[in-house]
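Topology and contacts: notes
This is what each chain is made of:
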Amino acid sequence: MTQENISNTLEIQRLVGKFSNLEGNPAEQKKFLTRDVQIRIYIGEEMILEIRGLANYEHSLKPFTTMIKQCHYVNGQHVIDFLTKDKATGLLFGFAVHVTEEGGTNFINNHCFYCEDIYENKNGSWLIKARDIHYHISDKHVWGV
């Protein structure tokens, strides 16, 4: 691996960490996405949401993010492969905890997931161009019982 690829790997990992830290705040997450971003969210094999374009990002996620009172993400293994000097793919494994409220009751939602990403370097900054998020193990239970 070249010194440039090592540096770019660290930049992409920083990008993904900052993006994850803003979960539940799509307005702030938008600064880490390309204008033509494509996001697809799957639960198991079923695609539950597809977003095409930055203009649609915040509005499309609003029904999901308004339910989240608190969240915490742990990014794990992150494999990055460079296709060109300005384009890379990534496979990220993680764990997410969302606290939601339904009918006055708080719930903990635990999710094991992986993301298949495409990153693009635009004007010296790495951005997320595409992301397929696969939630493959989830658990929901009342919090505090």
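Nothing here was measured: the structure is a model prediction, and the numbers come from that model. (Residues numbered from 1 in each chain as written. Predicted model: local features only at pLDDT ≥ 70, side-chain atom pairs only at ≥ 80, totals over all residues. Heavy atoms only, no water.)

1. Re the pattern of salt bridges
Put simply, the rule is: By convention in these notes, a salt bridge is any Lys or Arg side-chain nitrogen within 4 Å of a carboxyl oxygen on Asp or Glu. Burial classification: accessible surface area is computed with a 1.4 Å probe over protein chains only, and a residue below 20% of its type maximum counts as buried, one above 50% as exposed, and the rest as partly exposed.
Using the criterion set out here, one finds eleven salt bridges in the structure. Note that K31 is salt-bridged to E28, the shortest N-O span being 3.2 Å. Look at K31 and you get exposed, because its relative accessible area is 51%. Given a relative accessible area of 35%, E28 falls into the partly exposed group. Among the salt bridges present, the one from R131 reaches D117, with a minimum N-O distance of 2.7 Å.

2. Topic: the pairing of strand β5 (residues 105–122)
The cut-off we apply is this: We treat two strands as partners when DSSP finds at least two bridges between them. Strands are runs of DSSP state E lasting at least two residues, helices are runs of H or I lasting at least four, and both sets are numbered from the N terminus onward.
Bridge count for strand β4 (residues 87–102) against β5 is 16 bridges, and the pairing is antiparallel. Counterpart to F93 in the pairing with β5 is Y114. Once β4 ends, the chain turns through two residues before running back antiparallel as β5, passing G103 with a positive phi of about 60°. The sheet contact formed by β5 and strand β6 (residues 125–142) spans 16 bridges and is antiparallel. Looking at the pairing, K122 lines up with S125 of β6. Once β5 ends, the chain turns through two residues before running back antiparallel as β6, passing N123 with a positive phi of about 55°.

3. A short note on unusual backbone geometry
Here N123, not a glycine, exhibits a phi torsion of approximately 55°, which is positive. Within the secondary structure, N123 sits in the loop between β5 and β6.

4. Section: helix α3 (residues 54–65)
Note the threshold: For a helix, the expected span equals 1.5 Å multiplied by the number of residues minus one. Along the arc lie the directions from the helix axis toward the C-beta atoms. Whether two residues are in contact is decided by their heavy atoms: any pair within 4.5 Å suffices.
Between its terminal C-alpha atoms α3 stretches 16 Å, which fits the 16 Å expected from twelve residues at 1.5 Å a residue. Buried within α3 we find L54, Y57, S60, L61 and T65. End-on, the buried residues of α3 take up no more than an arc of 135°, which puts them together on one face. Relative to its buried face, α3 has exposed residues pointing more than 90 degrees away, namely A55, H59 and P63. Elements in contact with the buried residues of α3: α1 (3–21), α2 (26–29), β1 (33–43), β2 (46–52) and β3 (68–84).

5. Some details on a nonpolar patch on the surface
Put simply, the test is: Grouping into patches uses exposed residues only, defined as over 30% relative accessible area, and leaves out salt-bridged ones; the cut-off is 9 Å for like charges and 5 Å for nonpolar side chains (Val, Leu, Ile, Met, Phe, Trp, Tyr). Note on areas: Shrake-Rupley with a 1.4 Å probe; residue coverage comes only from the protein chains shown.
The grouping of I43, I48 and F64 at the surface amounts to a nonpolar patch, some 260 Å² of accessible area in total. On the secondary structure map, F64 appears in helix α3. For F64, a relative accessible area of 39% translates into the label partly exposed.

6. Quick word on the sheet that holds β4
Our working definition: To obtain each axis, a line is fitted to C-alpha atoms, and for helices this fit is confined to the stretch in contact; angles are then taken between N-to-C directions over 0 to 180 degrees.
The sheet built from six strands is open, its strands ordered β2-β1-β6-β5-β4-β3 with mixed pairing. Looking at the sheet topology across the chains shown, the edges are occupied by β2 and β3. Averaged over all adjacent pairs, the angle separating strand axes in this sheet is 15°, with direction ignored. Sheet strands in contact with α3 are β1, β2 and β3, and its direction is about 140° off that of β2.

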